[in-house]
Amino acid sequence: MPRQLGDLEDAVMTRVWQWNRPVTVREVLEDLQQERSIAYTTVMTVMDNLHQKGWVRREVEGRAYRYTAVSTRAAYSAALMNEAWSKSDNPAAALVAFFGMMSSEQRESLQAAVRIVQGDEVADGGTSAGR
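Treat the numbers as computed from the prediction; the structure is a model and nothing was measured. (Residues numbered from 1 in each chain as written. Predicted model: local features only at pLDDT ≥ 70, side-chain atom pairs only at ≥ 80, totals over all residues. Heavy atoms only, no water.)

### Section: the pattern of salt bridges
- Counted by the stated rule, this structure contains 9 salt bridges.
- Close ionic contact of D31 with R15 constitutes a salt bridge, the shortest N to O distance being 2.7 Å. Taken together, the residues D31 in helix α2 (residues 25–32) and R15 in helix α1 (residues 7–19) connect sequence positions 16 residues apart.
- Judged by its relative accessible area of 22%, D31 falls in the partly exposed class.
- A residue is classified by how much of its surface remains accessible, and R15, at 7% relative accessible area, is buried.
- Across the pair R66 and E61 runs a salt bridge, and its minimum N-O distance is 3.0 Å.
- A relative accessible area of 24% means that R66 is categorised as partly exposed.
- Classification of E61 as partly exposed rests on a relative accessible area of 48%.
- Connected through salt bridges with shared partners, the residues R21, E27, E61 and R66 form a single ionic network. (Salt bridge = Lys/Arg side-chain N within 4 Å of Asp/Glu carboxyl O. Helix = DSSP H or I, 4+ residues; strand = E, 2+ residues; numbered from the N terminus. Buried < 20%, exposed > 50% of the residue type's maximum accessible area, 1.4 Å probe, protein only.)

Here's what the structure looks like:
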C-alpha cells in the first residue's frame, strides 16, 4: 500500500495529475513559484523521489526528463482509504463513522459508485433502462 504523500510531493503530484500530460521540472517549478518560493533543485529532488517511489515514470527529452503519473489521484485516494480501513479492528464501525462524516453530496457520490460497482450503471455514466 502506498504511504501518504508529503505536502510538497502532493503539490507536485497535483500538477502532474491535473495537467494529465508529460511535464518537466521547470514547468512544475514555475507553477509552484506562483504560490511559494522554491528552488529548482528542490522540485527536481522531489520529482526524482516520486520516480524512485513509483509515482511517476520519466523519459529523457533532450537534456531534461518528462514525468508522467503512473496512476490517477482517484486510485491514490482509494488506496489510502483502503489502507486506513484495513487497519481498523472493527471495519463496519469505521465505515459507519466515515459515512457519518460525509456531506450529502459525498453520500450521493458513494451511492452512485456502489451502483457502478454492482453493474447498475451503463458504461457512459447513465443509468440503466427501467430506472
